[in-house]
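Now for the letters of each chain:
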Amino acid sequence: MEKGTTNATPTNAKGAFSLRVKANAILVFRSTGYKSQEVAIHTQTIIDMSMVPENTALKDVVVIGYGTQRKVDVTGSVASVSSATIIERPSPNALGALEGQVPGLSITSNSGRPGDMRVNIRGFNSINASNNPLFVVDGVIGVDYSTINPSDIATIDVLKDASSTAIYGARGSGGVIIITTKRGKDGKAVVNLNLTGGYNVLPREISLLNSTQYQTMEKAAYAFVPGRAYPNFANLEPLLYNADGTPKYNTDWQKEVYKPSFSQNDNLSISGGNPDLKYSMNYGYQNDQALMLFTYNKKYSARINLDAKVNDWLTTGLNLSGVSSKERIQDDGVGGLTATREVMEAFPMIPVKLPDGSWGGNFMHLNSEGADNPVNILTNYYNIHNRINVLANTYFNIRFSDNLEFKTSFSTESYTDENDQASSGSAVQRGLYQNISAGIYSEKSLYWQSSSYFTYKKQFNKANSINVILGTEWAKKHDQTVGASASNFDSDFYLWNNLGAGIVPNPPTSSAYDWQIHSYFSRVSYSLLDKYLFTATGRYDGSSKFGANHKYAFFPSAAAAWRVSEEDFLKNSKIISNLKLRISYGSTGNSEIGQYQSIGALSSNTAIFGGNRAGGEVQGTIPNPNLKWEKMDQADLGVDLGLFNNRINLTADVYNKITSGLLLYAPVPLSSGFDNVLNNIGSVRNRGFELGLNTSNLVGAFTWGTTLNFSANRNKILALGLHNEDIFPGPSFLDQTNILRVGQPVGTFYGLTRLGTWSTAEAAQAALVGAKPGDIKDSSTKSILGHAYPNFVSEFINRFSYKNFELLVDIQVSQGNSILNLGYATSEDRQTLANSYATVLNAWTPTNQNTSIAQVRLNGDGPSLRQDSHYIQDGSFIRGKNISLSYTVPKSTCNALHLKNLRLFTGVQNAFLLTKYKTGYDPEVSTYPQAFAYGIEFYAQPKARTFNFGLNASL
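Being a predicted model, the structure only gives us computed values, none of them experimental. (Residues numbered from 1 in each chain as written. Predicted model: local features only at pLDDT ≥ 70, side-chain atom pairs only at ≥ 80, totals over all residues. Heavy atoms only, no water.)

## What about the pattern of salt bridges?
A side chain with one charge can pair with a side chain of the opposite charge if their charged atoms come near.
Line of reasoning, step 1. Under the definition given, this model contains 44 salt bridges.
Line of reasoning, step 2. For the salt bridge of Arg70 with Asp73, the shortest nitrogen-to-oxygen distance reads 2.9 Å.
Line of reasoning, step 3. The exposure class of Arg70 is partly exposed, given its relative accessible area of 36%.
Line of reasoning, step 4. Glu924 is the salt-bridge partner of Arg879, the closest N and O atoms lying 4.0 Å from each other. Here Arg879, found in strand S43 (residues 877-888), pairs with Glu924, found in the loop between strand S44 (901-915) and strand S45 (936-937); they are 45 residues apart in sequence, far enough to count as distant. When sorted by exposure, Arg879 lands in the same class as Glu924, which is buried.
Line of reasoning, step 5. Sharing partners across several salt bridges, the network here consists of Arg122, Lys160, Lys580, Arg582, Asp636, Asp640, Asp653 and Glu690. (Salt bridge = Lys/Arg side-chain N within 4 Å of Asp/Glu carboxyl O. Buried < 20%, exposed > 50% of the residue type's maximum accessible area, 1.4 Å probe, protein only. Helix = DSSP H or I, 4+ residues; strand = E, 2+ residues; numbered from the N terminus.)

## A word on the packing of aromatic side chains
Line of reasoning, step 1. Summed over all chains, the structure comprises 33 aromatic pairs.
Line of reasoning, step 2. For the ring pair Trp704 and Phe800, a centre distance of 5.8 Å and an interplane angle of 20° mean the geometry is stacked. Of this pair, Trp704 sits in strand S33 (residues 702-720) while Phe800 sits in strand S39 (residues 792-802), and the two are 96 residues apart along the sequence.
Line of reasoning, step 3. Accessibility expressed as a relative area gives 31% for Trp704, which makes it partly exposed.
Line of reasoning, step 4. Taking 4.8 Å as the distance between ring centres and 5° as the angle between the ring planes, the aromatic pair formed by Tyr789 and Tyr934 counts as stacked. Of this pair, Tyr789 sits in the loop between strand S38 (783-787) and S39 while Tyr934 sits in the loop between S44 and S45, and the two are 145 residues apart along the sequence. Per residue, the accessibility class of Tyr789 equals that of Tyr934, and both read buried. (Phe/Tyr/Trp six-rings, centres within 6.5 Å; stacked < 30°, edge-to-face > 60°.)

## Re helix H9 (residues 822-829)
Line of reasoning, step 1. Counting buried residues in H9 gives 8 out of 8 residues, a clear majority hidden from the surface.
Line of reasoning, step 2. When we look at burial in H9, the residues that qualify are Leu822, Gly823, Tyr824, Ala825, Thr826, Ser827, Glu828 and Asp829.
Line of reasoning, step 3. Contacts made by the buried residues of H9 are with helix H6 (339-345), strand S36 (754-757), strand S37 (776-778), strand S41 (818-821), strand S42 (872-874) and S45.
Line of reasoning, step 4. Where H9 begins, the capping side chain belongs to Asn821, and its oxygen is found 3.0 Å from the backbone nitrogen of Gly823. (Contact = heavy atoms within 4.5 Å. Polar contact = N/O pair within 3.5 Å; in protein donor to acceptor, adjacent residues only side chain to side chain.)

## Some thoughts on the side chain of Gln330
Line of reasoning, step 1. Along the chain, Gln330 falls in the loop between strand S16 (314-328) and H6.
Line of reasoning, step 2. Within the structure, the side chain of Gln330 is placed 3.2 Å from the backbone oxygen of Phe294, a separation counted as a polar contact.
Line of reasoning, step 3. Within the local environment of Gln330, its side chain forms a polar contact with the backbone oxygen of Leu378, the two atoms lying 3.2 Å apart.
Line of reasoning, step 4. Residue contacts for Gln330: discarding those within four places in its chain leaves Met292, Leu293, Phe294, Thr295, Leu378 and Tyr381.

## Regarding a nonpolar patch on the surface
Line of reasoning, step 1. There is a patch of nonpolar side chains on the surface, built from Tyr199, Phe262, Phe947 and Phe949 and spanning about 390 Å² of accessible area.
Line of reasoning, step 2. With relative accessibility at 40%, the residue Phe949 sits in the partly exposed group. (Patch = residues over 30% accessible without salt bridge, like charges linked within 9 Å, V, L, I, M, F, W, Y side chains within 5 Å. Areas by Shrake-Rupley, 256 points an atom, 1.4 Å probe, with all protein chains shown as cover.)

## Observations concerning unusual backbone geometry
Line of reasoning, step 1. Residue Pro731 is reached from Gly730 by a cis peptide bond, and omega for that bond is 0°.
Line of reasoning, step 2. Take Pro731: it is sitting in the loop between S33 and strand S34 (738-739).
Line of reasoning, step 3. For Tyr66, which is not a glycine, the phi torsion comes out positive at approximately 60°.
Line of reasoning, step 4. The residue Tyr66 is located in the loop between strand S3 (61-64) and strand S4 (67-70) in this model.
Line of reasoning, step 5. One non-glycine residue, Asn910, lies in positive phi territory at about 60°.
Line of reasoning, step 6. Here Asn910 lies in strand S44.
Line of reasoning, step 7. Judged by its relative accessible area of 8%, Asn910 is buried.

On their own, these measurements won't tell you what the molecule is for.
Encoded structure:
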C-alpha cells in the first residue's frame, strides 16, 4: 500500500506485484503473521525485500488460576492450546484433540469404547487417591471434561508445576487444566458451522483358531491321554457337524462383532455483540459409534455465554450449558463371560444363529464353558446410561479504579445419571426366564461454588509493576443414589420398564454423601524492569473429608524468572530473540479419596433370629482423626528460548515431585475386629524432563512448520507402610499380577519367569517339581517382570501448506513400557473350554519341544493355566495418529456463496500402527482404572481406524 492513501495491491503467489505510485512515495508491506515494513522508493522502480515473521507468541495471554497473564510474564510451567489446534483434530471429546499437544500431559485411550480415556500430568503421584488433573471450566472447579463440547472451547491452558497449581491448593497435585469457552466479540453476528463425519473400521484382527484348526487342536487334547477316543461329533452334535465329522460352520467372530460404523459430530455457533453486550451461543450433536455392535455415545449439547457492560464500573455475565447424553456400554464386568471376551473364545464352528433362528453358543459343544455367543450377548444385554449435566455460572466485576477490581461469581452444576440394565442372553430361547434380570440405578448430584476475589494491578513507574490477587471460596457437593432390581421375569418384554413383573424382587439400595471445602487464596506477581519476574502464591484449604485434627492445611509456592533476552548484551541479538529462565518450588495437595474416611462409619447387616431375618448396624471402619491430605512438593527448572526472530521456539523443563503422606491401608491387630485402617504412610517420587520444540522451517508460498513434544518421567516408590513391606494391590487374577515395592515404580509387574516347557530328556528333573514333559517350565521364584509406564513418549507433528491446501501429519511414539495381557492367558491356556489363540498350534508335541506353550489337553486333565512372563509383552509403538488434508476455499468463491470462509477437510486417524504387541488390538490399553494396575488388558475393545471428512464454514 502507498502510505497515506488507499492505493494498494496484493502480491501474487511468488511475491511479485505492480503498483503505480507518486514520486518519493513510501510503500507499506503487510502480511498476516509478519511485521509491517515501510520502504521509501526514492527513484527505484523495482523493490526487493523480505517479510520478517512477527513474534506474536510473546503477546499471547494465557489463563492462570483466577486471572490471566501475558505469556512473557509467566514464571511457572504453563502450556496453552488454541481452538485452531482443536479444530484441526476432529474429536467428540475435549481431550481427544489435546492428545500429544503438551509435553508432560499424557492422554491415553484405555480402549475403543467412546470416551474411555485416562489423563495424567507428570506421572502418577498417588496409589489409592485420584491421579487425575483438576479441570476448571470458565472458573468452575471440578467439571467433568466429557461434558464439554470441543467446538465450545476457545483455549485450553495446562498448569504443570507447583507455582501455577498451588493457587488450587488441596486439589491441585495432579495438575490443572483450565478450559475457557468461546465468548462474543464486537461486531455483526458470525455464524459458524462445523460438520464432521467419521467412518470407523477395524485396523487388524487377532489370529484365532478357525474351525479346522480348532478341531485339530481338540483332537490333540483328547490324545493327551493315550487310547482315549475322539468323540463322534457328527452324532453328538448334528447341528454343528457334517456326517463326515467336519464342522458345518466357520464363523469369524471378530467380523461378526466389530462392524464398520459411522460417527458424526455437528456444531453450530452464533456470536457477536456491541461494546455493551456480547453473546455466544453454541449447539452440538454427537453420535459416536464404536466398532462393537450396539456400543455408542450420543450427546446433545447447548451453551450460551453473555457478557454485559452495565456502566463504566460494573460488568456482569452468565455462562449456561447443558448436555444430554445416552451411552450404551458393553464391556463392563471384567473377568466375566462378556462380549469382548467371547469374541476371542466363541467356538468358530458355532453359527451366530441356527437355521431355525435360535442363537448359537458355546453351550452347544461338549466340555465347553457354556457361554452365549458375543452377538447374542450384545443384542440382549443392556447397560444404558442416560445422563443430564447442567452447568451455570454468573459473575459480577466491579471496577473501583484503574488499579483495583473485585469479582464475585456463583456457579452450580447439576448431574443426573439413570442407569438402565437388563440381561437375558440366550435364556429366552431356552425358556429359562428365571435368568432374566433388570434394574434401574439412579444417581443425582448438585455442586455449588462461590468465589470472590480482589485484583490489584499497579505500574509504579517504567521499572516496577505488581499484580495482587486476594480471595476466598466455598464449595459443596451433595450426591445421592438409589436402585431397584428384580429377576425371574416371565418374558423379556418389559426389560427395566416394569420391575414389578419380576417374580423375585431384590432389596432396594440407596446411599448419599456430602462434602464441602472452604478456602482462602492469594497470589503476588512482581516485575522489575520487565526482566526480573517473581511470583508467590498461597492457599489455605479446609475440607470435610479429613480428620478432626487436620481439617485445614496451607499450600505455598514461589517462582522467579529472568528474561535474559531483555538484557543489553542480548537485546539486539540477531540469533537469540527470546530467552527466559524459570525456577519454581511449591506444595499442593490431593483430597480425592472419597468421603467419611476419617470417621468410624457404620455398616448395615442382617442376621437370622428365631427363623426371622433381622437388620442391624455394626461399626464398619476404624476412625482416624489424624487423616489428612496427600502432600506433593515440586521443584521445576525451565527455559523458554526463541531463535532467529522466533522461527525456532523451544521450551524445556526438568522437575522433581515428591508426594508424601500417601493414603494407604495399614494393617492393625485382628483383635480389634478389623484388618486395616486408612492412614498417611507412604511416599512416591516423579522426576522428569519435558521438551517442546516449534520450528518454522519454510515460509512463503510453500510453508512447513514442525512441532516436537517429548516427555520422559521416572516414577519411584520411596516409602510404604510402617516397615516398607511389599504390597500386592491386585487385580489378582490367577495369581499376583503386580507389586508395590520400595525402589520400584508404581505399575510394576511381578511373577514367575517362563523358561519354556519340559522336554522328554528332562523328565526326571520335571518330576522333582511335580511336572512332566510338555508342562510349562517356570522359574522357582518370582521377580520383577516389567513396568507399565513408558520410558518416554513423543509427538512429531508437521504442517505443510501451499496456496489454499494444508497437510497435517501427526506421529505418536511411545517406548519402553510392558503390557500384561490377562486375556491372552485365559484364551491360550484353557483349550477345549473355549476357542484359543492360533499360537496354540505351536504347542508342545513330542516332535515340537522347543516351545513355550504347553502340550494341549482337556480341562479335566490339568490345564497349565498360570500367570507368568509369557503374557507380558513389549508395549512400545509408533502410530500414525492423525493425517489430514484441508482446503480453504478462495474468498471470491466464498463471496459468491455468501460465506465469509469455507474450509473442507478429510483425513485418517490411527492411520497406521507399528508395534511388537500382537496378542491385543492396541498397545495403548488399560482395563483397570487404578494407577498401580495400568497396562493390564483383559479383553479390551479395539480402537478404530477412522476416516474423517467434513467442513468448517462461517456465514
